[in-house]
6 protein chains.
Amino acid sequence: MMVTADDFLFKGLDKAGNTDNSLGLAVTQVFVMQLPGLNTLGISMARIDFAPNGGLNPPHTHPRATELLVVIEGTLYVGFITTNNTLISTTLEKGDVFVFPKGLVHFQKNVGYGNAVAISGLSSQNPGVQQVAKSLFGASNPAVDPSVLAKAFEIDPRLVQILQKKFSAAG
Amino acid sequence: MMVTADDFLFKGLDKAGNTDNSLGLAVTQVFVMQLPGLNTLGISMARIDFAPNGGLNPPHTHPRATELLVVIEGTLYVGFITTNNTLISTTLEKGDVFVFPKGLVHFQKNVGYGNAVAISGLSSQNPGVQQVAKSLFGASNPAVDPSVLAKAFEIDPRLVQILQKKFSAAG
Amino acid sequence: MMVTADDFLFKGLDKAGNTDNSLGLAVTQVFVMQLPGLNTLGISMARIDFAPNGGLNPPHTHPRATELLVVIEGTLYVGFITTNNTLISTTLEKGDVFVFPKGLVHFQKNVGYGNAVAISGLSSQNPGVQQVAKSLFGASNPAVDPSVLAKAFEIDPRLVQILQKKFSAAG
Amino acid sequence: MMVTADDFLFKGLDKAGNTDNSLGLAVTQVFVMQLPGLNTLGISMARIDFAPNGGLNPPHTHPRATELLVVIEGTLYVGFITTNNTLISTTLEKGDVFVFPKGLVHFQKNVGYGNAVAISGLSSQNPGVQQVAKSLFGASNPAVDPSVLAKAFEIDPRLVQILQKKFSAAG
Amino acid sequence: MMVTADDFLFKGLDKAGNTDNSLGLAVTQVFVMQLPGLNTLGISMARIDFAPNGGLNPPHTHPRATELLVVIEGTLYVGFITTNNTLISTTLEKGDVFVFPKGLVHFQKNVGYGNAVAISGLSSQNPGVQQVAKSLFGASNPAVDPSVLAKAFEIDPRLVQILQKKFSAAG
Amino acid sequence: MMVTADDFLFKGLDKAGNTDNSLGLAVTQVFVMQLPGLNTLGISMARIDFAPNGGLNPPHTHPRATELLVVIEGTLYVGFITTNNTLISTTLEKGDVFVFPKGLVHFQKNVGYGNAVAISGLSSQNPGVQQVAKSLFGASNPAVDPSVLAKAFEIDPRLVQILQKKFSAAG
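Residues numbered from 1 in each chain as written. Chains lettered and ligands numbered in written order. Predicted model: local features only at pLDDT ≥ 70, side-chain atom pairs only at ≥ 80, totals over all residues. Heavy atoms only, no water.

A.B. asks: So, the overall build of chain A: which residues are in play, and what are the values?
C.D. replies: Counting its regular elements, chain A contains three helices and 11 strands. Dimensions of chain A, computed from C-alpha atoms along their principal axes, come out at roughly 55 × 40 × 35 Å. Across the 171 residues in chain A, those meeting the buried criterion constitute 62%. Contacts in chain A between residues far apart in sequence, at least 24 positions, make up 68% of those at least 6 positions apart. Surface accessibility of chain A: about 6400 Å² in total, with carbon and sulfur atoms responsible for 52%. (Helix = DSSP H or I, 4+ residues; strand = E, 2+ residues; numbered from the N terminus. Buried < 20%, exposed > 50% of the residue type's maximum accessible area, 1.4 Å probe, protein only. Contact = heavy atoms within 4.5 Å. Areas by Shrake-Rupley, 256 points an atom, 1.4 Å probe, with all protein chains shown as cover.)

Okay, here's the thing in structure tokens:
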């Protein structure tokens, strides 16, 4: 079987994703599923678009990768939380690069008036993404038992069920 | 410098931890900080004690390890959530062994009437632990901006601040 | 293909293995062959039962793993031998945890009056086990040339052949 | 010692490097030497600026990394050479992403009329860069024996010495 | 499927390769393609024969391996070039062992009057070999654009085309 | 601190080791302790000399490496034992290459009339060597309890003590 340049090529990362959603967020992944030539090579990429005034990449982890992000446009409030529950956060401007170490919960939020765009490199061809709120309150087949979430978040079980409905409706 | 058996020995994992806390939980870590002989060897251990009737190891991740848990006593409702937001859950009895793959959010809850005890092996000498709710709502120096959490969890910012007070008071 | 909780579950590690054999030993493996969900995850587990008064897990290696053992019941005399031929040994009681570094010859012996039980985590999904005496004297297809063993152990070739008969009869 | 956000932050990757040199090239590295927070995390980044009409990142390798490049601006002719001496090449436009597998010789050239800019993720915190021509003809302390290069490139030894002078003068 | 000794055996590394070629070089690889039992084991071997008076293993890299070479017969001028463009070189006699670190350009040349022979261990079952001159000037399907090589080597494009003809004729 | 060629050079692997000992064996290691330039590079080398008529490299393991051996001179009976207690053995002549997979017990014996010499590559800069008989019967500080060895090898405890004396006298 002949290998060609197309096996190593992904097109279109200059196109803004559609941020017309509740988070104001679009993530375009260039992982091994989208770019087969990455197989065994231990790296991948993503473009992240944030709607103006608060577009949010909500708290999430990459179970198998560190993320190294550069701001292409706009202003982002970003942070990750250490295993000692210390928040390491800052505000990034265009051209700033920030590290989100492997497996730690982190987030990015557009705190400027216009769009924001970032490009990230990730240290795995298959980094995985797990949004914390969605995974907990939106998990299905079946849902997480509400008592677990009520106790973990110190909230009323009825609030848990309201949140579970919201997240599962969001699909 | 002479190496002795003490460098490879940790004592006391038969002792129940103190579960007299809001979660009904005690975790005794045998990581490289507690057992220096583990250095470079890629494995560690933990004992987890759960109070009767609902003791909870709340949703958390190990940023650098898979966990392989065996139930020594009691009955546990356990689960992890995949990157497709599917919950993989089951109820474990004494002698059951369950896998929590690297970096994924998971939890264990005592659903029996008595104490529950588990022993886990972890695939790193320094696995790290990140409790999701505590890291997000209890992070300090400074706290996570409430607007991030309000939007991520689709809750009112005032509720976020109430939760942040609870978690930071809990220390 | 759907993944279910059963892919990550192994049942029955609370059951004592049958130690009614010449070594007084039973090892129940929870490796990737028994628990397919461990694939690629770099960890496995085992339960080891020792008959009273001398049940022995004889000198052996795990070619691909470090072992981290906790005593659940009983008293064990354990040790591993360094590449400088120094024995690192101690006596473990219930709740004691001990490290057997990757690839080194090690053993455990019940030195108490009752049964002894241990649980081990191993730093590979496929650690392998190689009992030293059995592999050398019991190897088949064909047997190891007796002259090799006679010289290595500084014993009479006739004794080697007696041992080879014993070990191959034991199967 | 306190860790702060500054340990994970690098500023200024939006600034074009100075391409006023014989290659028409500027590479801004964000490796572990420039961004200490990358230590042990297995990823790094670079910005590459190409002068109009032929700015060239000449054939080079990264001894310890795969490179995943995205074109931010301009048009690049790029390629890598396999161990079977097959050239895998293509022309990239803005938004195109291309993989240069670990350790293989590769190059990028600006084939548009304006500036070209690319951002790369690399699968090591310390990827290393080795420009082929410069390393061979410009190596010092001492230079490579000219007879080696003459035979390897099938050129006259006097030409080798001319090239060595050029490259060592360039410093 | 039965595994036999033949799966782990390669015969004939005592035979000199045919050095009757323009480089005066023969490399006999014992990589995973030649010796399937090496699969997953992270090591391979090669025998290198050099014709008298200048047999040359021209500048090349192993994209995935360090090479550790021992001289069996003869005298070799060897070197590798660091990422700082420093040449680390020396002359090796029979019995001398030298390290060529992972991914770096290196070469070996027979500087004695008789044949020279070396045996190398390599730190990958599939190290790969990339001859620098041949890969750049002899790459095919298609050739590297001459303007790239002219600028990289600071030579006339017509010389590039002459070299490309030589190398592609050599096959 | 300047790096020089001497950091990557080991001299004298052409010299036969002294095989005038009970095993008829000499192993010359080129590990990271002898050749510091191997640090982090994952490979090492050894020369093995065997006295005529039975020189033996007795059953041993490398806890952290696969060994790839080539016969330089003589005839060797070699083998390794799988974790299924199958012996994989053969007779090697000059120029034959054989694989001893990571961590498995293996041996080599001179079965020719003259000297035998082999060169091995090993897949770690610090492979370690553990001779099975010597480690078990010659371990010191303190010795292994004779009852362990008696039961493991199915021999009389008095024979164990005789062997322990022999091996500890040999030092």
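A.B. asks: Could you give an account of the interface of chain F and chain C, with specific residues and numbers?
C.D. replies: Every contact between the two is made by 52 residues of chain F and, on the other side, 52 residues of chain C. In this assembly, chain F packs against chain C so that about 4300 Å² is buried in total across both faces, 63% of it on carbon and sulfur atoms. Across the contact surface, chain F and chain C share zero salt bridges. At the boundary of chain F with chain C, the tally comes to 12 residue pairs in polar contact (both at pLDDT 80 or more). Looking at the side of chain F that touches chain C, the elements that each hand over two or more residues are strand 4 (56–61), strand 6 (76–81), strand 7 (87–92), strand 9 (106–110), helix 1 (132–137), helix 2 (146–153) and helix 3 (157–170) of chain F. A class-by-class count of the residues in the side of chain F that touches chain C yields 28 nonpolar, 17 polar and seven charged. (Buried area = accessible area lost by both parts, 1.4 Å probe. Salt bridge = Lys/Arg side-chain N within 4 Å of Asp/Glu carboxyl O. Polar contact = N/O pair within 3.5 Å; in protein donor to acceptor, adjacent residues only side chain to side chain. Nonpolar A, V, L, I, M, F, W, Y, C, P; charged D, E, K, R; others polar.)

A.B. asks: Break down the interface of chain E and chain F for me, citing the residues and quoting the values.
C.D. replies: Listed per partner, the contact involves 40 residues of chain E and 41 residues of chain F. Of the roughly 3100 Å² buried between chain E and chain F on both sides combined, carbon and sulfur atoms contribute 77%. Counting every contact that joins chain E to chain F gives two salt bridges. Inspection of the region where chain E meets chain F yields 10 residue pairs in polar contact (both at pLDDT 80 or more). Mapped by element, the contributors of at least two residues to the side of chain E that touches chain F are strand 1 (9–10), strand 3 (44–50), strand 5 (67–73), strand 7 (87–92), strand 8 (97–100) and strand 10 (116–122) of chain E. Its residues assigned to classes, the side of chain E that touches chain F comprises 24 nonpolar, 11 polar and five charged. Two strands pair when backbone bridges link them, and strand 8 of chain E and strand 1 (residues 9–10) of chain F are joined in this way by two bridges, in the antiparallel orientation. Pairing of Val97(E) across the sheet is with Phe10(F), part of strand 1 of chain F. (Pairing = 2+ DSSP bridges.)

A.B. asks: Residue-level account of the relation of the copies chain F and chain C, with values.
C.D. replies: Mapping chain F onto chain C calls for a rotation angle of 180° and an axial translation of 0.0 Å; the resulting RMSD is 0.0 Å. What the superposition gives is, in effect, a two-fold axis relating one chain to the other. Every residue of chain F has its C-alpha some distance from the rotation axis, and the shortest such distance is that of Gly103(F), at 2.9 Å. Taken as a fraction of all interface residues of chain F, those also at the interface in chain C reach 100%, which identifies the copy contact as same-surface. (Least-squares fit on C-alpha atoms with pLDDT ≥ 70 in both.)

All quantities given are derived from atomic positions and should not be read as evidence of function.
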